[in-house]
Amino acid sequence: MYQASENSGSNVYSSGQKKGAGGLAYTLSFKMVAYASATIIVFLLIGITAINLNLSKAHYQGSITDLPQKLTDTATAIETQLSLFNKIIKHVSAQPTTQDILEYRDETGAQAWAIQMRRFLPQAIGVTLLTPNGKVMGDPPGQRLTPQCLTDMAKINQRETTKIPAVHTDPSGTVHYDLTAHVFDESENKIGMLFVSFGLDSLKPLLHQETDAIGYLSLVDGHGVVFDQQKNSFDVTTDTTKSWAGIPGTDWQLSLTEPASELRPSFLILTIFNVTALLMTVSIIGFLVRFIQKSMTSDFEQVKSLLNSLAEGTPLEEELATPQLRETAEVFPAISHINRNIDKKQQLLEHQELSDHLTGLSNRRQFNIEFARAYDFARRGTPVCVVIMRISGLEKLNQNQAYQVIKVFGKTLEEHARKVDHPARLDYGEFALLMFGASPEGTTPCLERINRSFRKRQTEHPVIPNNNICPLYCGYTRIHAHRDKNAAQVLKRAEGALVEAEQSSDHHIISK
């Protein structure tokens, strides 16, 4: 078991007693270094970002301002067209006829209504109504719904993420896109959904208007698939640039491909600056990491040396160097304090392991150790008497009263035992007493005094009822140096005397 030395902390560095090179005490701390490093990196990144923004503005400002008006106008026109179609189908979804079909689940009426709506809605390919659980009202093939449409409707009904508007190609090769609108009753409760497929022909006139002499427009869906394109011829072997414009309210994008213009000088400056800034940032971070590592290595080695010394229970033989960091200097005295006080804590733990928590007397483990010593003393000629005692009637009391009785007897036994004697609690209501140098004539009177004092204390205790005074039974024997072959034989004889005392109606104390 580890035993700490009284002087184990004498060589440990004490904060404020030593100074580093130049006579300065610890002015560095890990927190200070970390904050300073973070500040440098933050300002560096802010500076890089600011310069990047200016250079990017110089490089791309022309591209932004020169974005062909055709691209912007076409994107706005497509947005307007889609917004118009959305308003139309929302208007249809709010019609009483639409609400009645969904409320009454009229399959026949839904089929006829869908055919009528296909004629009414401009360039509509497929129209259908869906119940709240996703069921199609009517015949899907008759309503010109493709399997892709049905799949998208199921995803929308289950609130899964989908690209809007979804773009599909039916078996005949016709490209169409889908729009949806929820149907609500008069109480604003959702009762279904209106699903309409429009042919791409509704948007082609917007995409195929007269454009500039070169370049071509492409309409791209949310999955990045080009589903319509308007081309103008130009030399495809030359470098090209592509401009993008998103269509608000959709996942679509409009792209314009043109011959590439000559690179601006600012782009080269931007590239050189970013490479230089990256190298500077990496160098600064590397320097800071190396500096912190160098500052902490020696301190950690000393901490490791202290901890090893603490684990091995040996004092630190060599004087430690001055710590580099304030935090480390605060750790050293703490380890020294632990090293000096660990012996006291271990002694306390040993005492707790060998003591009874209720009475404070020795427990059975400590009694066995002391009994082995007593047996050796007896074999060398020292008179030793072994007493086993048991409190009877504890089962008639509640737990608190029983504990109070045990505490009262423990205190009584401790007060009447001599300094050379060893009292112990062995079990719930069982105690033992090793009496060294006791004569046969003096043992019984001593136990009778203990018994009388125990009874008196019970009657005076406010918690213990007077009609349930617990009697004490004692059995004892002497250790015979030549007759007893082992210690177990002595304990068995003492326990036998205790049993006789419990069975006897005249005597509470029996000796063997």
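Just above, that's the structure.
Here the residue numbers are simple positions, counted from 1 along each chain's written sequence. Given that the model is predicted, a residue must reach a pLDDT of at least 70 before its local features are reported, and side-chain atom pairs must reach 80 or more before they are shown or counted; all residues, however, enter totals for whole chains, interfaces and linings. Only hydrogens and water are removed before side-chain values are computed, so all heavy atoms of the structure are retained for them.

J.: What is the right way to look at the pairing of strand E10 (residues 384-391) in this model?
T.: As a general feature of sheets, a regular strand has side chains that alternate between the two faces. Think of it in three bands: residues with accessible area under 20% of the maximum for their type are buried, residues over 50% are exposed, and the middle band is partly exposed, with areas taken using a 1.4 Å probe on protein chains only. Starting at the N terminus, helices and strands are each numbered in turn, a helix being any DSSP run of H or I of at least four residues and a strand any DSSP run of E of at least two. Among the eight residues of E10, seven are classified as buried, and the element is accordingly described as predominantly covered. Pairing between E10 and strand E12 (residues 430-436): seven bridges, direction antiparallel. Bridging across to E12, arginine 390 finds its partner in glutamate 430. As defined by bridge partners, E10 adjoins strand E13 (residues 472-478) across seven bridges and the pair is classed as antiparallel. Within E13, the residue paired with valine 387 across the bridge is tyrosine 476. DSSP calls a pair of strands paired once it identifies at least 2 bridges connecting them.

J.: Whenever I open this one, the packing of aromatic side chains confuses me. Can you help?
T.: In this scheme Phe, Tyr and Trp rings, the latter by its six-membered ring, pair at centre separations within 6.5 Å, and the angle between planes marks the pair as stacked below 30 degrees, edge-to-face above 60, and tilted otherwise. In total, this model carries seven aromatic pairs according to the counting rule given. Plain terms: the ring middles of tyrosine 177 and tryptophan 252 are 5.5 Å apart, the flat faces sit at 90° to each other, and that makes the pair edge-to-face. Separated by 75 residues along the polypeptide, tyrosine 177 in strand E4 (residues 175-184) and tryptophan 252 in the loop between strand E8 (240-246) and strand E9 (253-259) bring together distant segments of the chain. Note on accessibility: tyrosine 177 and tryptophan 252 belong to one class, buried. With centroids separated by 4.8 Å and ring planes inclined at 75°, the aromatic side chains of phenylalanine 409 and phenylalanine 431 adopt a geometry described as edge-to-face. Of the two residues, phenylalanine 409 is situated in helix H10 (residues 399-416) and phenylalanine 431 in strand E12; the sequence distance between them amounts to 22 residues. Its relative accessible area of 0% is what places phenylalanine 431 among the buried residues. Here the aromatic cluster, defined as three or more aromatic residues joined through ring pairs, consists of Phe85, Tyr177, Phe198 and Trp252.

J.: Where do I start with the nonpolar core in this structure?
T.: Generally speaking, nonpolar side chains in soluble globular proteins are found buried as a group. With 37 residues, the main nonpolar core has Ile78, Trp113, Tyr177, Leu194, Phe198 and Trp252 as its most contacted residues. Of all the secondary structure elements, the ones that give two or more residues to this core are helix H2 (69-93), helix H3 (96-103), helix H4 (107-120), strand E1 (124-130), E4, strand E5 (190-199), strand E6 (216-220) and E9. With seven residues, H2 is the largest single contributor of residues to this core. Note on contacts: a residue pair is in contact if any heavy atoms of the two residues lie within 4.5 Å. Setting aside chain neighbours within four positions, we find tryptophan 113 in contact with Val92, Thr97, Thr98, Ile101, Val127, Leu129 and Leu194. Among the buried residues, those of types Ala, Val, Leu, Ile, Met, Phe, Trp, Tyr and Cys that are joined through side-chain atoms within 4.5 Å form a nonpolar core.

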